[in-house]
Amino acid sequence: MTIELNKEIDETRQGEATVIETTPSSNGKKLYVESYGCAMNFADSEVVASILAKEGYATTADVEEADVVLINTCSIRENAESRVRNRLTNFKSRKQRQPGLVVGILGCMAERLKKDLLEEEKLVDLVAGPDAYRDLPGLIEEVESGQKAVNVLLSRDETYADISPIRLDKNGVSSFVSITRGCDNMCSFCVVPFTRGRERSRDPQTIYNECKDLFDQGYREVTLLGQNVDSYRWNMTSKGEIKDATKPTTNFAELMDMVAGISPHLRIRFSTSHPKDMTDEVLEVIAKHENICNYIHLPVQSGNTNVLDRMNRSYTREWYLGRIEAIRRIIPDCAISTDIISGFCDETEEEHNDTISLMKEVKWDFAYMYKYSERPKTLAERRFEDNVPDDVKGKRLTEIIDLQQVHSLEANQRHVGKIQKVLIEGRSKRSEDFLAGRNDHNVKVVFPKGEFSKGDYVMVNITDCTAATLLGEVVELVNQD
Ligand code: SAH
Ligand code: SF4
Ligand code: F3S
């Protein structure tokens, strides 16, 4: 499966659990991994496949032939967890049929629920949190010797920097590359700081090498991933002090500059940017490189400063608008998308209307929109009451979605009549006779296939659109020599 956007995936894509390509086995055993949640989980599953491949495990896309089943999970909203619970019950009968089968839970739910999952679900043998994947071979051995196995220790420095992930997607054109792990922000609604631990940055040279290897293998797009990419810093403390004076430091702008230098034919995307940390220096690097896509995902969450304060987002409505102004000034042709939460604790009708008015002011090209879902142990759960009734959350969400639909269509209509560079990702889902790719703004473009193949860049004349897709015809193949 192709992961469509370079960020949060659970609402839109959790149903389509990704399973992974088959690689050869040397111990006669097969591993099946299913991933839920954000792009970081999908990237982590590739690290897990790599760790277990070293132990001889082949990966399989067919759960029926697996000896080890691992489910990489998400806790961001309650429904993300219920989907995983439902899925787990499916494995119950399989486990009865195949007593030696090892079933393990990885990722954020594993970290949040720890050994409760073993007791609660009974059908899980193994629980490994996001920083414990190097321990998986040992944990599987423990299970095979008849015990239940748990490792949910969070680390201050694990980045899996030295592990070359096994690419599990079939597309071979675009890939995720993790640059930071964890998050130090403590937004009051968010479970991530509890499930992923403290923020840490990965060695820039290993990021460069991984991106270069991907390019050499034929990939043409990398998405640099972190919960807050703008706070990437190597050899610096969070206050900006240098840790080791004998070594160079690297910030996010410098990292992007390095990676963009690999080849003009390697597209760079990144996600997620946090409004409080997105600097003009980053915007200038995007403007400087043609191959860094003009697309920024800048989650706002709410258009009302008091709500933002309760959310502990560390910025105001005016600050956010200032960042939008900076993007438009420095990168005049830049798509901007966002995340919005409806019905956060104590949200009044007036506060909700401020979100609507901000939407009209910014006119985001695209948005992910959610109903607030209270998460255990978060600041919001401890401090506030989840007191907006579900039907009110739903009504506000519908209003937000309807308005965004209008804005997305308008944004797409602005592409019609233009000739745009598109990276071909593969066949269109709708028809064998069409190919699909993305333009610089991250909008899907569909066009008749002609003689072109995935990995090609083509110039496409955009002739029509829907709120989600652009349609067009290729006018020229871009020479990649
Ligand atoms: N690190 C990113 C977002 C990670 S989670 C950032 O700071 O922008 C992706 C999105 O899920 C968030 O932006 C938010 O809109 C949504 N989200 C997170 N916790 C939520 C909750 N408890 N209820 C509803 N939506 C939530
Ligand atoms: Fe969660 Fe906020 Fe961190 Fe994003 S920045 S992961 S919303 S705590
Ligand atoms: Fe979900 Fe964890 Fe990502 S909670 S959104 S999988 S960091």
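Because the structure is a prediction, the values reported are computed rather than measured. (Residues numbered from 1 in each chain as written. Chains lettered and ligands numbered in written order. Predicted model: local features only at pLDDT ≥ 70, side-chain atom pairs only at ≥ 80, totals over all residues. Heavy atoms only, no water.)

(A) Up close: the side chain of lysine 393. Among the secondary structure elements, lysine 393 is positioned in helix α15 (residues 390-413). What makes lysine 393 buried here is its relative accessible area of 5%. Among the polar contacts listed, one links the side chain of lysine 393 to the backbone oxygen of tyrosine 372, at a separation of 3.0 Å. Looking at lysine 393, its side chain comes within polar contact range of the side chain of aspartate 386, at 2.9 Å. Sequence-distant contacts of lysine 393, defined by excluding residues within four places in its chain, comprise Ser342, Gly343, Lys371, Tyr372, Asp386 and Val388. (Helix = DSSP H or I, 4+ residues; strand = E, 2+ residues; numbered from the N terminus. Buried < 20%, exposed > 50% of the residue type's maximum accessible area, 1.4 Å probe, protein only. Polar contact = N/O pair within 3.5 Å; in protein donor to acceptor, adjacent residues only side chain to side chain. Contact = heavy atoms within 4.5 Å.)

(B) Main features of the sheet that holds strand β10 (residues 221-225). Spatially, the three strands line up as an open sheet ordered β7-β10-β13, and their pairing is parallel. With one partner strand each, in any of the chains shown, β7 (174-178) and β13 (267-271) form the two edges of the open sheet. Ignoring strand direction, the axes of neighbouring strands in this sheet form an average angle of 25°. Sheet analysis places β7 next to β10, joined by five bridges and oriented parallel. Its bridge partner lying in β10, serine 175 is registered against valine 222. (Pairing = 2+ DSSP bridges. Axes fitted to C-alpha atoms, helices over the stretch in contact; angles between N-to-C directions.)

(C) Looking closely at the pairing of strand β21 (residues 469-477). One ladder, built from three bridges, connects strand β19 (residues 444-448) with β21; its direction is parallel. When the bridges of β21 are listed, valine 445 appears paired with leucine 470. Of the pairings in the sheet, the one linking strand β20 (residues 457-465) to β21 comprises seven bridges and is antiparallel in character. In the sheet register, isoleucine 462 faces β21, and the bridge partner there is glycine 472. Following β20, the chain reverses through three residues before pairing antiparallel with β21.

(D) Quick look at empty space enclosed by the protein. Going through the model one piece at a time under the given rule, you end up with three cavities of 30 Å³ or more. Estimates place the volume of the second largest cavity at around 90 Å³. Of all the secondary structure elements, the ones that give two or more residues to the lining of the second largest cavity are α2 (39-53) and β7. Here the element with the most residues in the lining of the second largest cavity is α2; it accounts for four residues. Broken down by class, the residue content of the lining of the second largest cavity amounts to seven nonpolar, two polar and six charged. In terms of domain composition, the lining of the second largest cavity takes at least three residues from each of domain 1 (2-151) and domain 2 (174-413). (1 Å grid on protein atoms, 1.4 Å probe; cavity = no way out; pocket = protein on both sides within 12 Å on 5 of 7 lines; lining within 4 Å. Points joined across faces, edges and corners; volume = space filled by probe spheres on them. Nonpolar A, V, L, I, M, F, W, Y, C, P; charged D, E, K, R; others polar. Domains from an automatic or database assignment.)

(E) The arrangement of the sheet that holds strand β15 (residues 335-342) in detail. Taken in spatial order, the three strands make up an open sheet running β14-β15-β16, and their pairing is parallel. Each of the sheet's edge strands pairs with one partner strand only, and the pair in question is β14 (295-297) and β16 (366-371). The sheet shows a mean angle of 10° between the axes of neighbouring strands, taken without regard to direction. By the bridge criterion, three bridges tie β14 to β15 in an arrangement that is parallel. Residue pairing across strands places tyrosine 295 opposite alanine 335, the latter belonging to β15. Contacting β15 and β16, α15 crosses the sheet at an angle of about 175° to β16.

(F) Just a negative patch on the surface, in detail. A contiguous patch of negative charge on the surface is contributed by Glu55, Asp135, Glu141 and Glu142. Its relative accessible area of 42% is what places glutamate 55 among the partly exposed residues. (Patch = residues over 30% accessible without salt bridge, like charges linked within 9 Å, V, L, I, M, F, W, Y side chains within 5 Å. Areas by Shrake-Rupley, 256 points an atom, 1.4 Å probe, with all protein chains shown as cover. Salt bridge = Lys/Arg side-chain N within 4 Å of Asp/Glu carboxyl O. Lys, Arg positive; Asp, Glu negative; His and termini not counted. Charge placed at Lys NZ, Arg CZ, Asp CG, Glu CD.)

(G) Region of interest: α15. With 24 residues, α15 extends 34 Å from end C-alpha to end C-alpha; this agrees with the ideal 34 Å at 1.5 Å per step. When we look at burial in α15, the residues that qualify are Lys393, Gly394, Arg396, Leu397, Ile400, Leu403, Gln404, His407, Ser408, Ala411 and Asn412. In this structure, the buried side of α15 is in contact with β15, α13 (349-362), β16, β20 and β21. (Expected span 1.5 Å × (residues − 1).)

(H) Expanded view of the site of ligand 2. Around ligand 2 sit Cys183, Asn185, Met186, Cys187, Phe189, Cys190, Val192, Pro193, Gln227, His274 and Arg313, and that is every residue in its neighbourhood. Here the residues of the shell around ligand 2 are counted per class, giving seven nonpolar, three polar and one charged. (Near = heavy atom within 4 Å.)

(I) Up close: the packing of aromatic side chains. Taken as a whole and judged by the stated rule, the model has eight aromatic pairs. Arranged with centres 4.9 Å apart and planes meeting at 75°, the rings of phenylalanine 344 and tyrosine 372 form a pair that is edge-to-face. With a gap of 28 residues between them, phenylalanine 344 in the loop between β15 and α13 and tyrosine 372 in the loop between β16 and α14 (379-383) connect regions that are remote in the sequence. Consider the rings of phenylalanine 344 and phenylalanine 384, whose centres lie 6.2 Å apart with planes at 75°: the pair is edge-to-face. Here phenylalanine 384 lies in the loop between α14 and α15 and phenylalanine 344 lies in the loop between β15 and α13, a separation of 40 residues in the sequence. Through successive ring pairs, a cluster of aromatic residues spans Phe189, Phe344, Tyr372 and Phe384. Positioned over the ring face of tryptophan 319 is arginine 323, at 6.0 Å from the centre of the ring. For the cation-ring pair, lysine 421 lies above tyrosine 457, with the distance from its terminal atom to the ring centre recorded as 4.6 Å. (Phe/Tyr/Trp six-rings, centres within 6.5 Å; stacked < 30°, edge-to-face > 60°. Lys NZ or Arg CZ within 6 Å of the ring centre and 35° of its normal.)

(J) Region of interest: the site of ligand 3. Surrounding ligand 3, one finds Cys38, Asn41, Thr73, Cys74, Ser75, Ile76, Cys108, Val192, Arg196 and Gln227. Residue composition of the shell around ligand 3, by class: five nonpolar, four polar and one charged. Mapped onto the domain boundaries, the shell around ligand 3 takes at least three residues apiece from domain 1 (2-151) and domain 2 (174-413).

As far as function goes, none of this settles anything; it's purely spatial.
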